[in-house]
Amino acid sequence: MFHVGIVVADLDAASARFTELLGCAWGPVAENDIEVRDADGNDLVLPNRICYSTQEPYLELIQEQPGTPWVCNEHSNLHHIGFFSDDLVANAATFADVRCPLEIVGRDGAVAPVSFTYHRDPLGMRIEHVDAAMRALMEEWLFQPPA
C-alpha cells in the first residue's frame, strides 16, 4: 500500500487539523488541471488540488471538486487507497474482473491510461493504481516538507 486518499471540503483546514490531531507534516500543495478519460471513453480536464503527508503512512488530502470524482461520498470521506502498479492496463483488467469497475484514468492527449487509474468499489471506496515509474518523482517532490 502506498497511501490513503481523503476528500475534504477545505484542504487548508483539513491539513491544519490533521497536524493538530496527528502531528502530520505536509508537502507542498499541488494545484492543477489534469487530463483524464472516464469509463465511457470521454476525455475530460478536471481541476485537482492535493497535498501529501511527508511520513508513512502517507495521507493524501484532496480538495472536494463538485462534478468530479473528488467529492465526499455517501459512505465516508475515504476516497481511495493507492498502490503502485507496474502495469496499469493489466491491473485495470484484473479489477474489472472482480466487479470493481474503472471510473477514470489519467491520459496524455490520446494516450490512456497514463499515471493512474481509479476503480470504484460498490462500497463507495476507490482503488487507485499509480504508475510505479512515478514513485521516485513523488517521493522526491510530494513528500518533502516545504522549504
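Heads up: these notes are all about the structure in this document.

**Overview of the environment of Trp70**
You can see Trp70 is positioned in the loop between β4 (58–63) and β5 (78–85). Taking the C-alpha atoms as reference points, Trp70 and Leu46, 24 residues apart in sequence, are found 9.7 Å from one another. For Trp70, the side chain forms a polar contact with the side chain of Tyr118, separated by 2.9 Å.

**Here's the deal with the sheet that holds strand β1 (residues 3–8)**
Strand pairing in a sheet relies on backbone hydrogen bonds. The paired strands run either parallel or antiparallel. Read around the closed barrel, the 8 strands follow the order β1-β4-β3-β2-β6-β7-β8-β5; overall the barrel is mixed. Each strand of the sheet is rotated relative to its neighbour by a mean of 35°, with strand direction disregarded. Here strand β3 (residues 43–52) pairs with β4 via 3 bridges, running antiparallel. In the strand pairing of β4, Ile50 is matched with Ile62. Sheet contacts for helix α1 (residues 11–22): β1, β3 and β4; angle to β4, the most-contacted strand, approximately 155°. Its contacts with the sheet place helix α2 (residues 88–97) against β5, β7 (116–120) and β8 (126–131), and it is angled at close to 165° to β8.

**Concerning the state of the cysteines**
Applying the stated criterion across every chain, the model contains 0 disulfides. Cys51 provides the cysteine sulfur closest to Cys72, a residue in no disulfide bond, and the two sulfurs are 15 Å apart. Looking at Cys100, it has no disulfide partner, and the nearest cysteine sulfur is the one in Cys72, 20 Å off.

**Overview of the packing of aromatic side chains**
Per the stated rule, a full pass over the model turns up 6 aromatic pairs. Ring pairing ties together the aromatic residues Phe2, Tyr52, Tyr58 and Phe84, which thus form one cluster.

Quick notes on the rules
Residues numbered from 1 in each chain as written. Predicted model: local features only at pLDDT ≥ 70, side-chain atom pairs only at ≥ 80, totals over all residues. Heavy atoms only, no water. Helix = DSSP H or I, 4+ residues; strand = E, 2+ residues; numbered from the N terminus. Polar contact = N/O pair within 3.5 Å; in protein donor to acceptor, adjacent residues only side chain to side chain. Pairing = 2+ DSSP bridges. Axes fitted to C-alpha atoms, helices over the stretch in contact; angles between N-to-C directions. Contact = heavy atoms within 4.5 Å. Disulfide = S-S within 2.5 Å. Phe/Tyr/Trp six-rings, centres within 6.5 Å; stacked < 30°, edge-to-face > 60°.

Any link to function would need more than the numbers given here.
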